[in-house]
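# Fold and contact review
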Number of protein chains: 2
Amino acid sequence: MRIADIGEFPLIERLGQIIATERPDLLVGLGDDVAVLALPGDELLLATIDIQIERVHFLPHLITPEQLGARALAINLSDIAAMGGQPWFALVSLALPEATEVEWLEQLYRGMRAAADRFGVAVVGGNISRARSEIAVDVALLGRIRREQLLTRAGAQPGDQVLVTGHLGEAAAGLQLARHPEFAPDPSDRDFLLERYLAPTPRVPEAALIAGQQQATAMIDLSDGLSSDIGHICEQSRVGVRLWEAELPIPPAVRQVAGRLNQPAWQLALAGGDDYELCFTAPAAAADELAARVTRETGTPVTVVGEILPAEHGHRLLLADGQELPLEAAGWQHFRQ
Amino acid sequence: MRIADIGEFPLIERLGQIIATERPDLLVGLGDDVAVLALPGDELLLATIDIQIERVHFLPHLITPEQLGARALAINLSDIAAMGGQPWFALVSLALPEATEVEWLEQLYRGMRAAADRFGVAVVGGNISRARSEIAVDVALLGRIRREQLLTRAGAQPGDQVLVTGHLGEAAAGLQLARHPEFAPDPSDRDFLLERYLAPTPRVPEAALIAGQQQATAMIDLSDGLSSDIGHICEQSRVGVRLWEAELPIPPAVRQVAGRLNQPAWQLALAGGDDYELCFTAPAAAADELAARVTRETGTPVTVVGEILPAEHGHRLLLADGQELPLEAAGWQHFRQ
């Protein structure tokens, strides 16, 4: 059987059965995007790794090297942020064809440096290797958090509300515009959406604020798309969910792109992926105030987009017209058929 | 300018000027294979990353998936060991073409698990991504060490002796036998040397013992070859070195392969790379006893192979016939012309 025949998540589970270990200092291991280990004292160590491969995760004619360097760090910063953690340091592993230009590589490092400085993380080591064909930028990122502030995917309770930062579908719309130049949108919309795809902003200060309030019950970052990522919270928390289409923060420019694709805007917003916004849950009594506080202190909008239900309700999407659909985990998966 | 025109180490230095940061909790950063960070208390955190790419670092028809899994971990274990550290946990990033067989991948994980268990490290997370053509296995490994036991490349003093564990040139000879089936050596020699190339044993207990004695002054693992790796110690310690050909622990099977290649055995032993033995320095008064103790407690031979000199002597090789040559850093470099 080939890995293309099994799908990413079943594959990970199968390999987990071989490699997973239990240790007293390991609080969260395989199956989450971030491993959590006990440090001396009351601090925890957070560790994650994620790769950007040419023509799989990025198109070299579309992304500048500065953007690629920043993006390779940002997607990992987003994972550390989603646990509430402070990013600490990064290791960078590069695989490069021999024809790679030194100047291109220096620009990649400048982009990485800018993102590192902005979010208070240091690149402390790495490795450069020859590749035969494709550029790959692999980043391992370590973070720290005080034990009582850790936010995992397990912890959502029926009655909690589901919140997201920022807007949904912008990155997916940007990617679609790159694929379909004939859509010819307003140039400023085009530039903005494309930038949202190419140069995502990890929600590090927002996440620290959410974790610091100790009211949120679970958190994840939106890398694969809300429909898929909220599924991880539901699975780990053993709960169900109902998202409300009418509340999804979908900007007009995203609705336009969805219209050109002849698909409902919620589909692009829920399944598109690459937004790197935060999705978190909080008791209904605390949700509005928490959302308002994050917006007040960071300027980032936060929206209540649904509710956590008992597990037997499954995963639902309540459309604006009152119809209810099963919410399919339609986000990005490697190796999916 | 292309990266192939500049060479690996100058390239790393150039990128270091863009990305290097100074922070009070960062004891060793870019330029070493391992970053060293202060943890709460008197412990240090060690962090390294190294990749294995198909047809760059391994040939898929030559190495079994179990060997590849173990090797991807071993080359990182060797780096952590060379600081005297205890390996703690690993993150694994895999890039896989869609046609990869699930069974092949499971065997890779079994090999990784066996190496992890043997050396007391846990694989706690990772990432699986689609690749377009080549398999890549990237491993980030974290370790810990008590502050007073840290061994870096800086610290060697004129008058110190240079010691190595195990034998030199076996891995390089194994690779040459794989390339030259017409050499037709004794089959048991062939199997042994090939195994030394494909399935290196990181010297974790030996390194812990050496660091624990607090007599060694510098240490490095032999990944590129002794002539290149001792150069890193000399550069960081600002010293020179004289290696003694007559003392190099080169087994007869390696000498045979060198003979078939029409090159001196010391060349294969010094420039071959991939041995993953330890090279360390210690004051002459302590060297013999330290060597004997490591051998007694681990069974691994340790040999004095040279002496540290003041920097102005440069890097020398004293041949068995009394002639002295400049010791060229002739080891493995990516992108070298």
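Residues numbered from 1 in each chain as written. Chains lettered and ligands numbered in written order. Predicted model: local features only at pLDDT ≥ 70, side-chain atom pairs only at ≥ 80, totals over all residues.

## Focus on helix α6 (residues 204-213) of chain B
Residues and elements named next belong to chain B. Among the residues of α6, Val204, Glu206, Ala207, Ile210 and Ala211 are the ones counted as buried. What you see down the axis of α6 is that its buried residues fit within an arc of 160°, all on one side. The elements touched by buried residues of α6 are α2 (65-81), β4 (86-96), β7 (160-165), β8 (218-221), β10 (278-283) and α10 (284-298). Gln214, located one to two residues past α6, shows a positive phi value of around 55°. (Buried ≥ 20, exposed ≤ 12 C-beta atoms within 10 Å, placed from the backbone. Helix = DSSP H or I, 4+ residues; strand = E, 2+ residues; numbered from the N terminus. Arc of directions from axis to C-beta. Contact = placed C-beta atoms within 7 Å.)

## Some points on the pairing of strand β9 (residues 239-244) of chain B
Along any regular strand the residues' side chains alternate between the sheet's two faces. All names here are of chain B. Burial of β9 is one-sided: the residues Val239, Val241 and Leu243 facing one way are buried, the residues Gly240, Arg242 and Trp244 facing the other way are not. When β9 meets strand β11 (residues 302-310), the two strands line up antiparallel, connected through five bridges. Residue pairing for β11: Arg242 is matched across the bridge by Glu307. When β9 meets strand β12 (residues 315-318), the two strands line up parallel, connected through four bridges. Note on β12: the bridge partner recorded for Leu243 is Leu317. (Pairing = 2+ DSSP bridges.)

## Describing the sheet that holds β7(B)
All names here are of chain B. Pairing is mixed across the open sheet formed by seven strands, whose spatial order is β8-β10-β7-β11-β9-β12-β13. Looking at strand neighbours, the two that pair on one side only are β8 and β13 (324-326), the edges of this open sheet. In this sheet, neighbouring strand axes are inclined to one another by 25° on average, regardless of whether the strands run parallel or antiparallel. Strand direction decides the pairing type here: β7 and β10, joined by five bridges, are antiparallel. Directly across from Leu163, in β10, lies its bridge partner Phe280. In the packing of α6 onto the sheet, the strands contacted are β7, β8 and β10, and the crossing angle to β10 comes to about 15°. (Axes fitted to C-alpha atoms, helices over the stretch in contact; angles between N-to-C directions.)

## Quick word on the environment of Pro310(B)
All names here are of chain B. Relative to the helices and strands, Pro310 resides in strand β11. According to the C-beta neighbour criterion, Pro310 is exposed, with 12 such atoms within 10 Å. Residues Pro310 and Ala184, spaced 126 residues apart in sequence, show a C-alpha to C-alpha distance of 45 Å. With near-sequence residues (within four places) excluded, Pro310 lies in contact with Pro158, Val239 and Gly240.

## Thoughts on the sheet that holds strand β3 (residues 43-53) of chain A
Residues and elements named next belong to chain A. Spatially, six strands are ordered β1-β2-β3-β6-β4-β5 in an open sheet, and the strand pairing comes out mixed. Each of the sheet's edge strands pairs with one partner strand only, and the pair in question is β1 (26-28) and β5 (122-130). With strand direction ignored, the average angle separating the axes of adjacent strands in the sheet is 20°. Bridge count between strand β4 (residues 86-96) and β5: eight bridges; the pairing is parallel. Looking across to β5, one finds that Leu94 is bridged to Ile128. Along the sheet face, helix α2 (residues 65-81) touches β3, β4 and β6 (136-146) and points at about 140° away from the line of β3.

## Some words on the domain arrangement of chain A
All names here are of chain A. Domain boundaries assigned for chain A yield domain 1 (3-149) and domain 2 (160-326). The distance between the C-alpha centroids of domain 1 and domain 2 comes to 22 Å. On the domain 2 side, the residues contacting the 18 residues of domain 1 number 19 residues. The set of elements that each furnish at least two residues to the side of domain 1 that touches domain 2 consists of α2 and β4. For the side of domain 1 that touches domain 2, the per-class residue count stands at ten nonpolar, five polar and three charged. (Domains from an automatic or database assignment. Nonpolar A, V, L, I, M, F, W, Y, C, P; charged D, E, K, R; others polar.)

## Here's the deal with the interface of chain B and chain A
Contact residues are listed per partner, giving 66 residues for chain B and 65 residues for chain A. Those elements giving two or more residues to the side of chain B that touches chain A turn out to be α1 (8-19), β2 (35-38), β3 (43-53), β4, α3 (102-118), β5 (122-130) and β6 (136-146) of chain B. The element contributing the most residues to the side of chain B that touches chain A is β5(B), with nine residues. Looking at the side of chain B that touches chain A, its residues break down into 38 nonpolar, twelve polar and 16 charged.

## What about the pairing of β6(B)?
Residues and elements named next belong to chain B. When you tally the buried positions in β6, you get nine out of eleven residues, the bulk of the element. In this sheet, β6 lies alongside β3 in antiparallel orientation, the contact comprising eleven bridges. By the bridge assignment, Ile49 is partnered in β6 with Ala140. Relative to β6, β4 runs antiparallel, the two being bridged by nine bridges. Within the sheet, the bridge partner assigned to Pro87 lies in β6 and is Gly143.

## Considerations on the relation of the copies chain B and chain A
With an RMSD of 0.0 Å, the fit of chain B onto chain A corresponds to turning through 180° and sliding 0.0 Å along the axis. Those values place the two copies in the arrangement expected of a two-fold rotation axis. An overlap of 98% is found between the interface residues of chain B and their copies at the interface of chain A, pointing to a shared contact surface. (Least-squares fit on C-alpha atoms with pLDDT ≥ 70 in both.)

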